[in-house]
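One letter stands for each residue in the lines below.
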Amino acid sequence: MSNEIVLEIKNLSKVFKIYHEKNNTFFEFLLSSFKRSKNIEHLGVLKDISFNVEKGKMLGIIGSNGSGKTTLLKIIAKILVPDSGQVSITGKVIPFLELGTGFNVELTARDNVIIYGLLLGFSKKEILSKLEKIIKFAELENFVDTKLKNFSTGMYARLAFSTAIEVDPDILLVDEVLSVGDESFQQKSFKKFSEFKNNGKTIIFVSHNLPQVQELCDDVLWLKNGHIESYGEPDKVIQDYRNSS
Amino acid sequence: MTSILMEIWQKRSLVFALALNDIKLRYKNSFLGFLWSFLEPLLILTVLLFVFTHVIKSTIESYPLYLLLGLIIWYMFSRSTSMGLSSLTDNAHIIQKIHLRKEIFVLSSCLTGFMMMLIEFAAFGVFLVAFSFIPPATAFLFPLLLIEILILSVGISLLLSIANVYFRDIKFIWQVVLQAGFFLSPIIYSLDMFPSDIRTILELNPISHLITIAHDLMLYGNLPAISSILYVLIITGSIFVLGCLVFKNKESKIGEEL
């Protein structure tokens, strides 16, 4: 396996502004300009984070709620802009932060897959050529032209997952989405992850499911209150994490 | 600037797909839904026609066509800007999950408004036949006018959509502005009816010029005044550039503010 680094994060920091009195309307804004008090608190969500991920590795990110896991993923996905530090990425990143982003229940499975693919940055031709494979992986051959509102939760989840996985990213960001679907579909998804890794793709996996992380990941990063508490072998990091709480 | 345009051009199939889906959803994939887009302006047209031909006698030449054309232009502008205004907040769930140029949502909303106008324009065609009215040669310039209105709508939408992210009541303020704009534009009346000092004030509204130009090109065969064209182009150009600058400046912060 090559040791090419596909994701490099250096001294990354992110501060959120917490407004105690947020002006959500224009009139409130006009009124508040007469008042003096400006209540803004700064909350450091990520503090000086640095790490590298090699090609073909699966990195698990663990930590309690509010430790900055999702913020970190969002910065890697360029949805949020960091306040300082650098993120360098080689290849195409597919964020998979939620099942079925941009899905519209009034549209058919086919229309939704096309829109989702376009949102992720693929050309219409590329998506149409993958459509059949996506539907097949989701086991929804008989429902291509059914509106999503008539889908069960499981069918919906399968369609969303298959679409994300078939669009062939170099780096896949997964946030807490594998808890859906039945046993056999989860097994299928895990198999897909291993296949991914064997093809030299990189996966970053955020989860609270520790056994899953332990089984799947090559390295684990433990975030605590916005800084890296520990980074390394899954067995060791997860052991430390368990002991701490 | 050019790199941004290139990037957006590469995303054109997404812009079109979003706009088409929007149209599909609006008409719920049904034929009656499609028919509604004809019925709505037709209904308003009927009411206005009744009031202004029977109650208040209008002296405008080919008044039904005059009225319908003004309505179509006005609807395109008001729909595009209202949909453009809420395009970022409406698509917050996508913007917070996928990195994209956010102009795409504003553009596709305005494109939806443009497509709806094209559908209504078909109704205008039916009226032309019904009145056996043959448009003058200047009607060939009409598409240019439509493009100009589209660019103006996009410029205004870029500004309003950002404003609406920060202040959620911009939406309601804009509805009031549009309501006023409807009566301050020569849709049901003609600017000629006013004394010159009132007319000068009404002509500050760029939409007034656009609707007058539409009437001239499509119905009366007059070329618009150079001063009118210049005024409209300067207003559109400055709003568009300002919109792009404000949008570019605020774009990266939208993800957090939504």
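Since this is a predicted model, take the numbers as computed values, not measurements.

> What exactly am I supposed to notice about the overall build of chain B here?
Looking only at helices and strands, chain B has 12 helices and zero strands in total. Starting at the N terminus and walking to the C terminus, you meet the elements of chain B as α-α-α-α-α-α-α-α-α-α-α-α. Rg of the C-alpha trace for chain B: 19 Å, near the compact-globule value of 18 Å for 258 residues, within the 12% margin. Residues counted as buried form 35% of the 258 residues belonging to chain B. Expressed as a percentage of contacts within chain B between residues at least 6 apart in sequence, the contacts between residues at least 24 apart total 79%.

> In this structure, what is going on with helix H5 (residues 153-166) of chain A? I would like to understand it.
Residue and element names in this part refer to chain A. Between the first and last C-alpha of H5 there are 20 Å, a value that for 14 residues agrees with the 20 Å anticipated at 1.5 Å per step. Burial analysis of H5 places 11 of its 14 residues in the buried class, the great majority of the element. Here H5 has its buried residues at Tyr-156, Ala-157, Arg-158, Leu-159, Ala-160, Phe-161, Ser-162, Thr-163, Ala-164, Ile-165 and Glu-166. Of the surrounding secondary structure, the elements contacted by the buried residues of H5 are strand S5 (93-96), helix H3 (109-119), helix H4 (124-137) and helix H6 (183-198). At the exit of H5 stands Asp-168, carrying a positive phi of roughly 65°.

> Explain the interface of chain A and chain B to me, please; I cannot follow it from the model alone.
One frequent convention defines the size of an interface as the accessible area lost when the parts assemble. Facing the 26 residues of chain A at the interface are 20 residues of chain B. The set of elements that each furnish at least two residues to the side of chain A that touches chain B consists of helix H1 (26-32) and H3 of chain A. With five residues, the single largest contributor to the side of chain A that touches chain B is H3(A).

> Could you clarify how one ought to interpret the packing of helix H11 (residues 206-220) of chain B against helix H12 (residues 226-257) of chain B in this entry?
A pair of packed helices is captured by two measures, namely the crossing angle of their axes and the spacing between those axes. All names here are of chain B. Orientation of H11 relative to H12, taken along the N-to-C sense of each, is 130°, at an axis distance of 10 Å. Compared by their axis directions, H11 and H12 come out oblique. Here the hand of the crossing between H11 and H12 comes out left-handed. Contacts between H11 and H12 involve Pro-206, His-209, Leu-210 and Ile-213 on the former and, on the latter, Ser-228, Tyr-231, Val-232 and Ile-235. In the contact of H11 with H12, the residues fall into six nonpolar, two polar and no charged.

The rules behind each value
Residues numbered from 1 in each chain as written. Chains lettered and ligands numbered in written order. Predicted model: local features only at pLDDT ≥ 70, side-chain atom pairs only at ≥ 80, totals over all residues. Helix = DSSP H or I, 4+ residues; strand = E, 2+ residues; numbered from the N terminus. Rg over C-alpha atoms; globule rule 2.2 N^0.38 Å. Buried ≥ 20, exposed ≤ 12 C-beta atoms within 10 Å, placed from the backbone. Contact = placed C-beta atoms within 7 Å. Expected span 1.5 Å × (residues − 1). Axes fitted to C-alpha atoms, helices over the stretch in contact; angles between N-to-C directions. Parallel < 35°, antiparallel > 145°, perpendicular 65-115°, else oblique. Left-handed = near helix turned anticlockwise from the far one by under 90°. Nonpolar A, V, L, I, M, F, W, Y, C, P; charged D, E, K, R; others polar.

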